[in-house]
Amino acid sequence: MKSYGKIYIGGHWCLPASTDLIEVINPATEAVIATVPAGSSVDVEAAVTAARKALPGWSTTKPAIRAGYLTQIYEALVTRGPELAELMTTELGMPIKLSQRIQAGLPTVVLESYIKLLGEFAFSERIGNSLVLKEPVGVVAAITPWNYPLHQLMIKVAAALAAGCTIVAKPSELTPLNALVLAEIIDSSGLPPGVFNLVSGYGAEVGEALVSHPDVDMVSFTGSTAIGKRIMALGAQTVKHVALELGGKSATILLDDADIETAVKATLSSCFLNSGQTCSAHTRMLIPQDKYELVVAFVRQHVALYVPENPLNTQARIGPLVSAVQRDRVLDYIRSGIADGAELLIGGIEPPDGLPLGYYVRPTVFGRVTKEMKIAREEIFGPVLSIMTYRDEDEAIEIANDTVYGLSGAVWSADPERAERVARKLQTGQVDINGGRFNPLAPFGGYKQSGNGRELGRYGLEEFLQTKSLQF
Ligand code: NAD
């Protein structure tokens, strides 16, 4: 077991104000693998002071100089990629092959995109007799969840640093270890002291102290909708910029002319990725009434490939959930689906065979789910798919939009124009058409209660900028 005793403030590893610790647990073994400091409001005060002090210098550095620091961070991140992948598999439970590609790989792709953008982006423009300046928002609190921990942190850190903002980061208390490695990398990059600071700790203590701090100009938050609402209310007291990336309940629509087997395979892959702990997971599969039996046959065939196992096994496709709390929450949703009368096609509440330890849940699929059922309305955040039937295209769109969320979605059709027509009617921030690939340069963010921010690429950079007009 490793013991991390320090937090990163003002370019130094410092002892926190309190000796309280957080235990980090491996969800596959239930063993404590590390302890990290449980920071406090005293630490937040020191971190925000350091970030504020560093702001005048950093915000006025030339973009090329900022790109130089980001390049150093990028190179170290690539070098330490294999170590980071294994670390995140151990603290989160994602299968190692996926961790290598997504958890450790994606942050390097994102960082590289911001290095490139800094060479192209116009931080000012002329509009008539005005010169419009795009200036950094200021001190940013970056509060992140556990499901794609380094990716979610890197989206904020890369864009905020590129914009000229300084940062205080608070990673999730469940998966803080990768963020500590990032702080080590940043420390060795020679980034000026105070530009990046990290305080590990709980949301109620460190998170709230950051969101309430008058010297924090912006909160960039990724997490649950419930906490997002609280953050918006707290941030309002000092009229902060609040960018929220929240939960989802996204729908895949299989139109009647779709390639059903391909669509089923892709939906299962989206729904079960990271044991269903993905904000943009396609968790409701909407299918034409008369295709029910065919779809169920393909589902049974392809779910069989998702057998929970130790995530360090190189062939593993699905590992445990992140914590006992999360597992129990998901099992409650499965119980509610059964109680509400949905047809349990595969999976259920029994623990998977041969895994006496670890927070594993069987990949579960419900058929004949109706829109008033809890499993159709609430974000489960586990490996649970709901199949719902529709009569016609209009009803499919109505069911897809019948949610408080609006983060992602998918449409499948043999006719791409038809698919696009349907996609345009979905009230959601992202729609994948016929398996369209994730694009790290396209804006990512929610409609409705899935949030108000946009991350990635140019839109992600602009989140951390504010505009000033000079008239001549
Ligand atoms: P969470 O809301 O419980 O916690 C997120 C972060 O907020 C953690 O760092 C936590 O410590 C902190 N926090 C908790 N209470 C706080 C408070 N009162 N004030 C300030 N900070 C506080 O979410 P989670 O369980 O870590 O993550 C899962 C959720 O995140 C899901 O709902 C998922 O959909 C969402 N998510 C959204 C996106 C997106 O881009 N839209 C991406 C990933 C995850």
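Residues numbered from 1 in each chain as written. Predicted model: local features only at pLDDT ≥ 70, side-chain atom pairs only at ≥ 80, totals over all residues. Heavy atoms only, no water.

*Asks:* Sorry, what's going on with the overall build of the protein chain here?
*Replies:* Helix and strand counts for the protein chain come out as 15 helices and 20 strands. For the protein chain, whose C-alpha radius of gyration is 22 Å, the value lies close to the compact-globule estimate of 23 Å for 472 residues. Referenced to the eigenvectors of the C-alpha coordinate spread, the extents of the protein chain come out at roughly 65 × 60 × 40 Å. For the protein chain, the share of sequence-separated contacts (at least 6 apart) that also reach a separation of at least 24 residues comes to 74%. Surface exposure of the protein chain reaches about 18,800 Å², of which carbon and sulfur atoms provide 54%. Of the charged side chains in the protein chain, 41 are positive and 50 negative; the average position of the first set lies 3 Å away from that of the second. (Helix = DSSP H or I, 4+ residues; strand = E, 2+ residues; numbered from the N terminus. Rg over C-alpha atoms; globule rule 2.2 N^0.38 Å. Contact = heavy atoms within 4.5 Å. Areas by Shrake-Rupley, 256 points an atom, 1.4 Å probe, with all protein chains shown as cover. Lys, Arg positive; Asp, Glu negative; His and termini not counted. Charge placed at Lys NZ, Arg CZ, Asp CG, Glu CD.)

*Asks:* Would you mind going over the domain arrangement of the protein chain with me for this structure?
*Replies:* Interfaces are often described in size by the accessible area the parts lose on coming together. Splitting the protein chain by domain gives domain 1 (2–246 + 449–471) and domain 2 (250–439). Relative to domain 2, the C-alpha centre of domain 1 lies at a distance of 30 Å. In this complex, domain 1 contributes 29 residues to the contact, which on the side of domain 2 involves 29 residues. Both sides of the domain 1 and domain 2 interface together cover about 2,400 Å² of buried area, and 63% of this is carbon and sulfur. Connecting domain 1 to domain 2 are zero salt bridges. Here domain 1 and domain 2 share nine residue pairs in polar contact (both at pLDDT 80 or more) between them. Looking at the side of domain 1 that touches domain 2, the elements with two or more residues in it are helix H3 (81–92) and helix H4 (96–118). A total of six residues in the side of domain 1 that touches domain 2 trace back to one element, the largest contributor, which is H4. Here the residues of the side of domain 1 that touches domain 2 are counted per class, giving 15 nonpolar, nine polar and five charged. (Domains from an automatic or database assignment. Buried area = accessible area lost by both parts, 1.4 Å probe. Salt bridge = Lys/Arg side-chain N within 4 Å of Asp/Glu carboxyl O. Polar contact = N/O pair within 3.5 Å; in protein donor to acceptor, adjacent residues only side chain to side chain. Nonpolar A, V, L, I, M, F, W, Y, C, P; charged D, E, K, R; others polar.)

*Asks:* Explain the site of the ligand to me, please; I cannot follow it from the model alone.
*Replies:* By nearness alone, 27 residues border the ligand, and Glu173, Glu208, Ser224, Leu246 and Glu379 come closest of all. The separation between an oxygen atom of the ligand and a polar main-chain atom of Thr144 is 2.7 Å. Contact distances for the ligand include 2.9 Å between an oxygen atom and a side-chain N or O atom of Trp146. Burial of the ligand by the surrounding chains reaches 90%, relative to a free accessible area of 850 Å². If you map the ligand onto the pockets, it falls in the second largest pocket. Every element with two or more residues in the shell around the ligand is listed here: helix H7 (203–212), strand E11 (218–222) and helix H8 (225–236). Among the elements that make up the shell around the ligand, the one with the highest residue count is H7 (three residues). Its residues assigned to classes, the shell around the ligand comprises 12 nonpolar, 10 polar and five charged. Mapping the shell around the ligand onto the domain boundaries places at least three of its residues in each of domain 1 (2–246 + 449–471) and domain 2 (250–439). (Near = heavy atom within 4 Å. 1 Å grid on protein atoms, 1.4 Å probe; cavity = no way out; pocket = protein on both sides within 12 Å on 5 of 7 lines; lining within 4 Å. Sits in = over half its atoms within 2 Å of the grid points.)

*Asks:* What is the right way to read the nonpolar core from this model?
*Replies:* Counting 65 residues, the largest nonpolar core has Leu161, Phe196 and Leu461 as its most contacted members. In terms of residue count, helix H5 (residues 149–163) provides more of this core than any other element does, 11 residues in total. Filtering out sequence-adjacent residues up to four positions away, Phe196 remains in contact with Tyr8, Val157, Ile167, Ala169, Ala183, Ile186 and Leu191. Counting residues in each nonpolar core, the second largest holds 29 residues, with Val369, Tyr390, Ala400 and Val422 among its members. (Core = buried A, V, L, I, M, F, W, Y, C linked by side-chain atoms within 4.5 Å. Buried < 20%, exposed > 50% of the residue type's maximum accessible area, 1.4 Å probe, protein only.)

*Asks:* So what exactly am I meant to see when it comes to the layout of surface pockets here?
*Replies:* The gaps left among the atoms become clear once a water-sized probe is rolled over them. Considered as a void within the structure, the largest pocket measures approximately 1,100 Å³ in volume. What lines the largest pocket is a set of 40 residues, and nearest its centre among them are Ile102, Ser270, Leu273, Ser280 and Phe438. Going through the elements one at a time, H4, H5, helix H9 (260–272) and strand E18 (409–412) are the ones with two or more residues in the lining of the largest pocket. The element that contributes the greatest number of residues to the lining of the largest pocket is H9, accounting for six residues. Looking at the lining of the largest pocket, its residues break down into 19 nonpolar, 15 polar and six charged. Looking at which domains feed residues into the lining of the largest pocket, each of domain 1 (2–246 + 449–471) and domain 2 (250–439) gives three or more. Of the volumes computed, that of the second largest pocket is approximately 900 Å³. In terms of lining residues, the second largest pocket is bounded by 39 residues, among which Trp146, Phe221, Gly223, Ser224 and Ile227 are the most central. Mapped by element, the contributors of at least two residues to the lining of the second largest pocket are H7, E11, H8 and helix H11 (324–339). When residues of the lining of the second largest pocket are sorted by domain, at least three fall in each of domain 1 (2–246 + 449–471) and domain 2 (250–439). (Points joined across faces, edges and corners; volume = space filled by probe spheres on them.)

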